Structure formats: structure tokens, C-alpha cells
Amino acid sequence: MSSCDWSFPYPSQKMPVLARNVVSTSQPLAAQAGLRMLLQGGNAVDAALATAMALTVVEPVMNGIGGDMFVQVWKDGQLQGLNSTGVAPAGWTDEYFAGRDAMPPIGWDTVTVPGQVAGWKALSDRHGKLPFARLFEPAIAYAEEGFAVSPTVARQWAAQADKLAGQPGFKEAFLRLGRAPHAGEHWRFPEQARTLRLIAESGGESFYRGELASRIDAHARNTGGALRAEDLAAHQPMWVEPVTQDFRGYTLHEIPPSGQGIAALIALGILDRFDLESMGRDSADFYHVGLEAMKLAFADLHHHISDPATMKVDTSQLLDPAYLAERARLVSMDRAGAPGAGAPPVGGTVYLAAADADGTMVSFIQSNYHGFGSGVVVPDTGISLHNRGCGFVLTPGHVNRVAPGKRPLHTIIPGFVTRAGQPVMAFGVMGGSMQAQGHLQVMARLGAFHQNPQALCDAPRFRVENGPVVTVESHLPADVAQALRDRGHNLTVAPPLSLDFGAAQLIQRGEYGYIAASDSRRDGQAVGF
């Protein structure tokens, strides 16, 4: 494969897949793993789980066995949410972090309890059809027999190698060739296959109370981590009721805090107060109000949101129509703003979607947070542990300050859309803080302009970060970018093939079956029959 040129110099356009049973995700082999479950008589939940398990093998640069997950499931006329994110270890006391100003970005001191494996089992038990162990078969085969590394995965692998090489267990597990694997190169990980078998055969018990838990505990003790077997054993997934915001006749549903989905809802509620249709679909006005709404929402997110047990405001207060109208009045059409948080009245992630002919739809996201995560890998297991703990802050008195047994502010959010109480779309836009603003941009285009799922994927995106600093994609028209600069936005244009704008996967209900789309910004694929 060394003679193959893995550059892509020409524009490429995907078409959506129209079928009665569909799966869409960011890596083709994983999408096909889910499709196999549907062909074996499983439902969309089985397909989503098999896809998620396979993703830990074929796209390890964005997720792994040691991560967290959120899910929204439409089944039997009802939408349910599942939060299987973990808490800080019992050892993460104030004294443990004394003398530090900020949470570290990688290493053991970013590793909270991984909730993902327990979430797999909880989702399968409540809504799946096939035996839990069968769902692992494609993932185990990919790990044991190997697969050809896809181009975007290879690029992301290489980009993280130097940063993580010094973390306990990383080099031995993911740089065994002395480097990251190249695109098209064959990659096997038999130790990961064995770990997946242990999880499959034990129904996840090995990870939280058995051999794998003991291995995680021992690795932490030997290399300076605070995570213990007792922390793992205490984990429990939670079924939750999604929170919502209406927009142009649609309703966006998000998992409640500590996820950042509330930011998408706040921004959408602000945007609903502007005449987007008159502005025009891709105009400077359209992008400007989206950016300003997102800035306002992020200001509230980072000031008010944490583990619900420590929040001082309720989500209903942040979504109160009067409060959203007040925030919307802060938007100037002429100038970019740098807003702070409001005062409401007191009162590296992978995403996938699956749907089946019986009407079950799944919006599923799991993550190691920043690429491979903490960089810590448990020896001889393939378990790469996430760095979700760096979502905490060390600011005294802040609602999101780190504490034992507490969940950090989470970026991962699976989206779901209904209309008049009926399902419309399962979707997500993976990619850190891009997720909430990706949800906003998808909903603005869906509600105001009724664009199809592939167009919702392909449209030029913006990303706003602290500063505020704005980055836009290279295919945004140059005159629009300049008009935004003229209004005071600190704006740069990202180079082509930038990975900073997330990756969307969408499944929309159609008149006959579904319309499934996968983002061209990754290696992904929508499949169906």
C-alpha cells in the first residue's frame, strides 16, 4: 500500500442512502457491523450497539472501550435517554489537586470512571432483540483478524502519536510499529479481541467487578492513577428524560446536564426569534446570528452547567421563553459581541445513528473525549481510558469544580428531532465543543430551509471558541467570510480537510423508510437495505 497516494485533491459529493433499515457512522466497517445485526433479525438498537463496539476497534483515534456514552432511543412511540457517564474517583479530593491551577489535559489525572460498557449492557437489556454477546462478533473479528486502516483514521492516529507516546501503556498498545499505522496498512489487536470477549461473556461484569477491573486497578496503582476497583464497581447507568426546545414546528431533544446539549437548546431558542428565512440560507446575516446565539449559549453553559447535583439553576430556567428573549435582545446585527453569562430567573468522540423498519430509531454517541483520550492504556487489554476529567475546573466555588463522585461537564450529545410528537430525525455532530453548535446549525437549516440530510451534512460550518475566536470552513464563500470580519468577528478560514468542524451522521424519517447521510469530513458511510 506504500505506493498508493492517499491525498484527495478533487471535490467529492456523497448521496444519501434511502432504505427501510439504515445505519450511519464515521467508519464504513463499523456501519457494516451494524447492518449485519439488522440482516440477522436484530433491531436498530442491536445495530447501534454492534456499530459502537466495532468503532472501538476500527476508529480507536476517537473512542475506545474505556469511554463514556449517551443515547436517545425512539421505540414503541416513546423517546428515552440513557446517560452512562462516569464520576470522578473517590481519591480526587481538594487535597489531591492542591497547588494546581487547571486540570491536566492527559494522563491518569483526567480519567474518570468509564461508563460506556455498562451503558452497552443497559441499552441491550431494555431495548435489544439479539443476545448481547452476538453484538460483539464483528468487533472481535476486526480486532483478531485485522483490518485496513482508513485514511482519516490514519491521519488522526499520526497526529496524536507524539503527544501520547509517554503515557502509561500507549506506545506498547498503539505504536507497536514504532509509529502510527499508515492508511491502508493492516492492523491487528488480539489483546483487544480478548477484552471484548470477556465483556461479551460476562455481560460487562468483568469490566466493573472482575478481571478487567482488577487490571485497571493494578495499572493505576503501578503508574500513579487514583482510579480504583471500588470506583468501577459503583458505576450505574441512568435512564433520563430528554430536555427540549421548539423551533419552527420541530422539537429538538437533548440529554439533560451534565451534557452540553442544553447549549444547543439555548442557542436554538435565541435563534427562533430571528427571521432566518428573510436573511437567506447562506447569507452573512444567517451566519452572524448563529454565531451570536452560540456565544450567548456557551457563556451560560460554562457558567451554570455541571453535575445536576451541584447546579444552582434548573434547565427550565435557562430555557424560559422570557429569558431567551432577553438574551436574544443582546444580539446586534451590526457588530460581533463577546457576551458573558446571563442570570436566569430563579425558580474525540464517535457518533452513529440507526433505524429499522419497525420504527425504532437510535441516536448514539460514545467518546474518549480528546482523540485516544488520556493516553493511558491498560496493558494487554486494548483498553484506552478517556480523559473526561479534564472537563472539570479547579476554580474555587465554581459549579463544575472537581470533586469525588461528581460528573464533569460533558461535550458528547446525541440529538433527536420530533414534530407534533412523531419522530423526524436521529442525528449528531461529533467533535468536542463543535457538537452543540453543530446541532444548532443543522436545526437552523432543517427548520428554516428544509434542507435534506446530506445537504445538512455538507453545508459550510462555523466554530466559535473562547476569545471569542471564529473559524469557518474553506468552502464558505469568501464574501460571506469578509462580511463577518467587517462586523468584528475574529475570523479565520480553516484549510481544506480540517477536522475541526466535527462529523455529522443523520437519519431522517421519510415517506417510505429513511434518508440516511454520512459526513464527507470523515471516512464514514451510510448503509441500508
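Quick notes on the rules
Each chain has its residues counted from 1, running along the sequence as written. Per-residue local features of the predicted model are confined to residues with pLDDT of at least 70, and side-chain atom pairs are confined, for both listing and counting, to 80 or more; whole-chain, interface and lining totals are unaffected and use all residues. Water and hydrogen atoms were dropped before computing side-chain values, which therefore reflect all heavy atoms in the structure. We count a stretch as a helix when DSSP gives it H or I for four or more residues in a row; a strand needs E for two or more, and each element gets its number in order from the N terminus. For every residue, the accessible area (1.4 Å probe, protein chains only) is compared with the maximum for its type, and the residue is labelled buried under 20%, exposed over 50%, or partly exposed between those bounds. Surface exposure here means Shrake-Rupley accessible area, sampled with a 1.4 Å probe, where a residue is shielded only by the protein chains that are shown. The charge count treats Lys and Arg as positive and Asp and Glu as negative. His and the chain ends do not count. Charge placement uses NZ in Lys and CZ in Arg. For Asp and Glu, CG and CD serve respectively. A cavity, in this analysis, means grid points on a 1 Å lattice covering only the protein atoms where a 1.4 Å probe fits yet has no way out; a pocket is instead an open set bounded by protein on both sides within 12 Å along at least five of seven lines, and a residue lines either one if it has an atom within 4 Å of a point. Grid points are joined across faces, edges and corners, and a volume is the space filled by probe spheres set on the points. Nonpolar residues are Ala, Val, Leu, Ile, Met, Phe, Trp, Tyr, Cys and Pro. Charged residues are Asp, Glu, Lys and Arg, and all others, Gly as well, are polar. Classification of ring pairs rests on two measures: the distance between centres of Phe, Tyr or Trp rings, Trp counted by its six-membered ring, which must be within 6.5 Å, and the angle between planes, read as stacked under 30 degrees, edge-to-face over 60 and tilted in between. Should the NZ of a Lys or the CZ of an Arg lie within 6 Å of a ring centre and within 35 degrees of the ring normal, that charge is described as sitting over the ring. Each residue after the first adds 1.5 Å to the expected span of a helix. We define a salt bridge as a contact between a side-chain nitrogen of Lys or Arg and a carboxyl oxygen of Asp or Glu at a distance within 4 Å. Note: two strands are recorded as paired if DSSP finds a minimum of 2 bridges between them. Lines fitted to the C-alpha atoms define the axes, with helices restricted to the stretch that makes contact. Angles between their N-to-C directions range from 0 to 180 degrees. Contacts are assigned to residue pairs that have any heavy atoms within 4.5 Å of one another. Throughout this description, the term nonpolar core refers to a set of buried Ala, Val, Leu, Ile, Met, Phe, Trp, Tyr and Cys residues connected via side-chain atoms within 4.5 Å. For the purposes of these results, a polar contact is taken to be a pair of N or O atoms within 3.5 Å, where, inside protein, one atom must be able to donate a hydrogen and its partner to accept one; residues adjacent in sequence count only when each atom of the pair is a side-chain atom. What sets the label is the angle itself: under 35 degrees gives roughly parallel, over 145 gives roughly antiparallel, 65 to 115 gives roughly perpendicular, and the rest give oblique. Put simply, a crossing is left-handed when the front helix is turned counterclockwise from the back one by less than a right angle, and right-handed when it is turned clockwise.

Secondary structure summary: the protein contains 18 helices and 21 strands in total. Principal axes of the C-alpha set define a box for the protein whose edges measure 60 × 55 × 50 Å. Within the span of the protein, comprising 529 residues, buried residues form 63% of the whole. About 18700 Å² of surface is accessible on the protein, with carbon and sulfur atoms providing 51% of the total. Distance between charge centres in the protein, computed from 42 positive and 50 negative side chains, equals 1 Å.

Looking now at empty space enclosed by the protein. A volume near 80 Å³ is recorded for the largest cavity. Leu271, Leu276, Phe286, Tyr287, Val289, Gly290, Leu440, Gln441, Ala444, Arg445, Pro460 and Phe462 are the residues that line the largest cavity. Going through the elements one at a time, α13 (284-304) and α16 (434-449) are the ones with two or more residues in the lining of the largest cavity. Looking at side-chain class alone, the lining of the largest cavity contains 9 nonpolar, 2 polar and 1 charged residues. Each pocket or cavity is described by its volume, and for the second largest cavity that value is around 50 Å³. Lining the second largest cavity are Gly438, Gln441, Val442, Arg445, Leu456, Ala459, Pro460 and Arg461. When the residues that make up the lining of the second largest cavity are grouped by side-chain class, the tally is 4 nonpolar, 2 polar and 2 charged.

If you walk through the whole model with that rule in mind, you get 18 aromatic pairs. Both rings, one in Tyr96 and one in Phe97, keep their centres 5.1 Å apart while their planes meet at 75°; by these two values the pair is edge-to-face. Its relative accessible area of 4% is what places Phe97 among the buried residues. A centroid spacing of 4.9 Å and a plane angle of 65° characterise the contact between Phe207 and Tyr208, whose relative ring orientation is edge-to-face. Classification of Phe207 by relative accessible area gives buried; the value is 0%. Judged by its relative accessible area of 2%, Tyr208 falls in the buried class. One aromatic cluster is present, built from ring pairs that chain together Trp157, Phe170, Phe174, Trp187, Phe189 and Phe372. It is Arg126 that lies over the ring of Trp239; its NZ or CZ is 4.2 Å from the centre. Lying across the ring of Tyr369, Arg388 places its NZ or CZ 4.0 Å from the centre.

A few words now on helix α3 (residues 116-127). A turn of α-helix holds 3.6 residues, and therefore any two residues three or four places apart point the same way. Its 12 residues place the ends of α3 16 Å apart at the C-alpha level, agreeing with the 16 Å of an ideal helix rising 1.5 Å per residue. Here α3 lies mainly inside the structure; 9 of its 12 residues are buried. Among the residues of α3, Gln116, Val117, Ala118, Gly119, Trp120, Ala122, Leu123, Ser124 and His127 are the ones counted as buried.

Looking now at the pattern of salt bridges. This model, assessed by the stated rule, comprises 21 salt bridges. The partner of Asp109 in a salt bridge is Arg100, with the nearest N and O atoms 2.8 Å apart.

Sheet architecture is open: 7 strands sit in the order β1-β20-β19-β15-β14-β9-β8, paired in antiparallel fashion. A strand with exactly one partner marks an edge of an open sheet, and here the two such strands are β1 (17-19) and β8 (243-247). Between one strand axis and the next, the sheet turns by 20° as a mean value, whatever way the strands run. Looking at chain direction, strand β14 (residues 415-419) and strand β15 (residues 422-430) are connected through 5 bridges and run antiparallel. Counted as the bridge partner of Thr418 is Pro423 from β15. Each of β8, β9 (250-254), β14, β15 and β19 (503-509) touches α16; the most contacted strand, β15, lies at about 140° to it.

What follows concerns unusual backbone geometry. Outside of glycine, negative phi angles account for most residues, and trans bonds account for most peptide bonds. At the junction of Gly467 and Pro468, the peptide bond is cis and its omega measures out at -5° in the coordinates. For Ala420, which is not glycine, the phi dihedral falls at a positive 55°. At Leu497, a position not held by glycine, the phi torsion is positive, near 70°. Within the fold, Leu497 resides in the loop between β18 (491-493) and β19. Overall, the relative accessible area of 54% leaves Leu497 in the exposed class.

In terms of nonpolar packing, the biggest core is built from 102 residues, with Trp120, Phe136, Trp157, Phe174, Phe207 and Phe364 touching the most fellow members. Sequence-distant contacts of Phe207, that is, excluding residues within four places in its chain, are made with Ile65, Gly66, Pro114, Val117, Ile199, Leu212, Ala213, Ile216, Leu232 and Ile383. Core analysis: the second largest hydrophobic core is formed by 65 residues, Ile262, Ile270, Val289 and Val464 among them.

On to the environment of Gln72, then. Here Gln72 shows up in strand β3 (residues 68-75). Here the alpha-carbon distance between Gln72 and Ile255, two residues 183 residues apart in the chain, equals 7.6 Å. Reaching out from Gln72, the side chain makes a polar contact with the backbone oxygen of His253 at a distance of 2.9 Å. A polar contact is formed between the side chain of Gln72 and the backbone oxygen of Pro414, at a distance of 2.7 Å.

Spatially, 7 strands are ordered β7-β4-β3-β11-β10-β2-β21 in an open sheet, and the strand pairing comes out antiparallel. In the strand order of this sheet, the two ends are held by β7 (238-240) and β21 (525-528), each with one partner. For this sheet, the mean inter-axis angle between neighbouring strands, taken without regard to orientation, is 15°. Strand direction decides the pairing type here: strand β2 (residues 22-25) and strand β10 (residues 350-355), joined by 4 bridges, are antiparallel. If you follow Ser24 over to β10, its bridge partner there is Ala353.

Attention shifts here to the side chain of Arg487. Here Arg487 lies in the loop between α18 (478-486) and β18. By relative accessible area, which is 14% here, Arg487 ends up buried. Residues within four places of Arg487 in sequence aside, it is in contact with Ala284, Asp285, His288, Met333, Asp334, Arg335 and Ala336.

Looking now at the packing of helix α4 (residues 137-145) against helix α7 (residues 190-202). Where α4 contacts α7, the two axes come as close as 7 Å, and the packing angle between them is 155°. With respect to each other, α4 and α7 are oriented roughly antiparallel. Note that α4 runs across α7; the crossing there is left-handed. Where α4 approaches α7, its residues Ala139, Ile140, Ala143 and Glu144 are matched on the opposing element by Pro190, Gln192, Ala193, Leu196 and Arg197.

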